[in-house]
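Structural description and commentary
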Amino acid sequence: MDHNRIRLRSCSFDPLDLKLIIKLGFCFLIFFFFVSVVESSIHEYNNEPFTPQLNSFFFHGGSEGLYASKFLDDRTETIKTNPDDQQQQQQEQQKPPINGKSFVRFESVTFRRTKEATERQNPMQQKTGLIEAILFEVKDRDRIGGSFVGSDALCCTPELAKDGNCKVGEVIIHRQENGEWPKRIQTFFEGQEEEAKMTPLSVEVDSTGMYYLYFMYCDPQLKGTVINGRTVWRNPEGYLPGKMGPLMTFYGFMSLAYLVLGLLWFLQFVRFWKDILQLHYYITIVIALGMCEMAFWYFEYANFNSTGARPMGITMWAVTFSAVKKTVSRLLLLVVSMGFGVVKPTLGGITSKVLLLGLVYFLASEALELVENLGNINDFSGKAKLFLVLPVALLDACFILWIFSSLSKTLEKLQMRRSMAKLELYRKFTNSLAVSVLLSVAWIGYELYFNATDPLSELWRRAWIIPAFWSVLAYLLLLVICVLWAPSQNPTRYAYSEETGDDLEEEGISLTGSVDAAVKTERKELVFGIGGEDLEEDKRE
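Residues numbered from 1 in each chain as written. Predicted model: local features only at pLDDT ≥ 70, side-chain atom pairs only at ≥ 80, totals over all residues. Heavy atoms only, no water.

Concerning unusual backbone geometry
With omega at -5°, the peptide bond leading from W181 into P182 counts as cis. In this model, L54 sits at a positive phi of 55°, which is unusual for a non-glycine residue. Turning to its location among the elements, L54 is positioned in the loop between β2 (51–53) and β3 (56–66). One non-glycine residue, S108, lies in the positive phi region at around 55°. By the secondary structure assignment, S108 is in strand β4 (residues 103–112). (Helix = DSSP H or I, 4+ residues; strand = E, 2+ residues; numbered from the N terminus.)

Remarks on the UniProt feature "transmembrane region" (unreviewed entry) in the protein chain
If you check UniProt for "transmembrane region" (unreviewed entry), the listed places come out as residues 20–38, 248–267, 279–299, 331–364, 384–404, 425–444 and 464–486 in our numbering. Annotated as 100% helix and 0% strand, the span residues 248–267 places its first and last C-alpha atoms 29 Å apart. (UniProt positions renumbered as here; feature names shortened; annotations may be inferred.)

Examining the packing of aromatic side chains
Summed over the entire model, instances satisfying the criterion amount to 33 aromatic pairs. Summarising the aromatic geometry, the rings of Y67 and W460 are spaced 5.0 Å apart at their centres and angled 70° between planes, so their arrangement reads as edge-to-face. With Y67 in the loop between β3 and α2 (86–93) and W460 in the loop between α10 (420–453) and α11 (465–484), the pair connects residues that are 393 residues apart, well separated along the chain. Since its relative accessible area comes to 29%, Y67 is described here as partly exposed. (Phe/Tyr/Trp six-rings, centres within 6.5 Å; stacked < 30°, edge-to-face > 60°. Buried < 20%, exposed > 50% of the residue type's maximum accessible area, 1.4 Å probe, protein only.)

Re the pattern of salt bridges
In total, this model carries 14 salt bridges according to the counting rule given. Its salt-bridge partner being R230, residue E107 comes within 2.8 Å of it at the nearest N-O pair. Here the residue E107 occupies a position in strand β4, and R230 occupies one in strand β10 (residues 226–234), the gap between them amounting to 123 residues. In this structure R230 comes out as partly exposed when scored by relative accessible area, which is 29%. Here the salt bridges share partners, and the residues they tie into one network are R105, E107 and R230. (Salt bridge = Lys/Arg side-chain N within 4 Å of Asp/Glu carboxyl O.)

Considerations on the side chain of T410
One can find T410 in helix α9 (residues 382–417). At a separation of 2.9 Å, a polar atom in the side chain of T410 contacts the main-chain carbonyl oxygen of S406. (Polar contact = N/O pair within 3.5 Å; in protein donor to acceptor, adjacent residues only side chain to side chain.)

Let's talk about the state of the cysteines
Under the defined criterion, the tally for this structure stands at two disulfides. With its sulfur 2.0 Å from that of its partner, C155 forms a disulfide with C218. Between C155 and C218 the sulfur-sulfur dihedral comes to about -85°; the bridge is accordingly left-handed. Highlighted residues: C155 in the loop between β5 (127–137) and α4 (158–162) and C218 in the loop between β9 (209–217) and β10, separated in sequence by 63 residues. Note on cysteine connectivity: C156 is disulfide-linked to C166, with sulfurs 2.0 Å apart. On the sign convention where negative is left-handed, the bridge of C156 and C166, at about 70° about the S-S bond, is right-handed. Note that C156 is positioned in the loop between β5 and α4 and C166 in the loop between α4 and β6 (183–190), a separation of ten residues in sequence. (Disulfide = S-S within 2.5 Å.)

Details of the environment of L247
Its location among the elements puts L247 in helix α5 (residues 245–271). Separated by 217 residues in sequence, L247 and W464 have C-alpha atoms that sit 6.2 Å apart. Not counting residues up to four positions away in its chain, the partners in contact with L247 are Y301, W464 and P467. (Contact = heavy atoms within 4.5 Å.)

This is the structure in structure tokens:
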């Protein structure tokens, strides 16, 4: 095929698109500067109320997967009751933790009861209200409450106290002989004081598991009490929760994978720079976004792990790069499926629809990522999660339907034009997409099964695989596109050709054949005609 007959379209950029991007960037900068603070990994409590449950009131203080300390230190779990030593103890608790330690630390935890509850108390009485912090491993959950004596009560009743199983007014805890778990930490209100401060302390974790913390009280007169303060949860390697720890290593490996892919693509890009198509620039952008996304997530997790706080700058960039990369990747799949640069030079009138779908997806994905990553590590409510996850899921379904619908039309056009090389290329691309969709559906089913069968996060050490799968799948799809549409010396095998392309080339071949046949026929008739006239003249003579 003559390369001069193929006219490749040069890169162009619509000024309207540039204005839209500038406006979006301006809005993002405004949002960036108005978001004031990013919460740390520490569990924060700000006037949180207690919830009634059976004959008790409780507040969920947090739950995390914790690995056992690499070595034990008797100084870690200490409770100083002397008020004069509390300031010294707080200074001791604020010192940097020792590497290899795993613990839960209570810092500035206070309880405030209502004025009505305070006025009912005797000012001369020392202990006028009890609130307990219960820390336990999830496998020991049956040791909380009276199930071991056949009772549904969580708090000890006079009937249960007669058997010596518990004390009236306390949460029922059944420990093994010489056992220290579950942990019980008590805080008392004094006289008519409205506020009770919990003594700062650290509880070391000596066994790997999923740990839960509940603040509970049994006295109905304390109804309306709220809790303030925070607790710090730390693993031996840092502040990352146990189920998030492996993701830091995963993002490090993915950063290297994108770097290798980027280097190979750049070498191929430079080698055949004269034959570069507009589609190649879009692929380059997606590779760069993926590399930045993984790098930002790695550094964000590394800082999170070392300081216990999530810096706004790195987290915002990581979240934004993630949303932009997801959006651009889906748009790339869509325009490739439509035959952009292969069957058609532009998207025509549907360009605005494609951009609108991409913009809506970016906003929905950005909102979901912000809520999941900017804030406390406690899971947000199921309703809020459904409200944010559902739009993203619906938009993903729209992308999938549009992509396969466009692929069907593109394959039909290529088959009609008998462009066998391009047809084979798109068949491979279609098969790859079909496999990825099947894997996605299977993985979604596994994820639903995983969450349904593990409501208490007992399988927390495997939880990191679920988000990691989607990053690997996106990388593999990008790798397939890079292989199929790699720069080469013969870009015409998938480049769009205007007017003089595949259709006209096939017509030209048939037209040339017809002209050649006509010329040959005329020559034959001319030769035989001349020969016939000469023979007739010879016969006459």
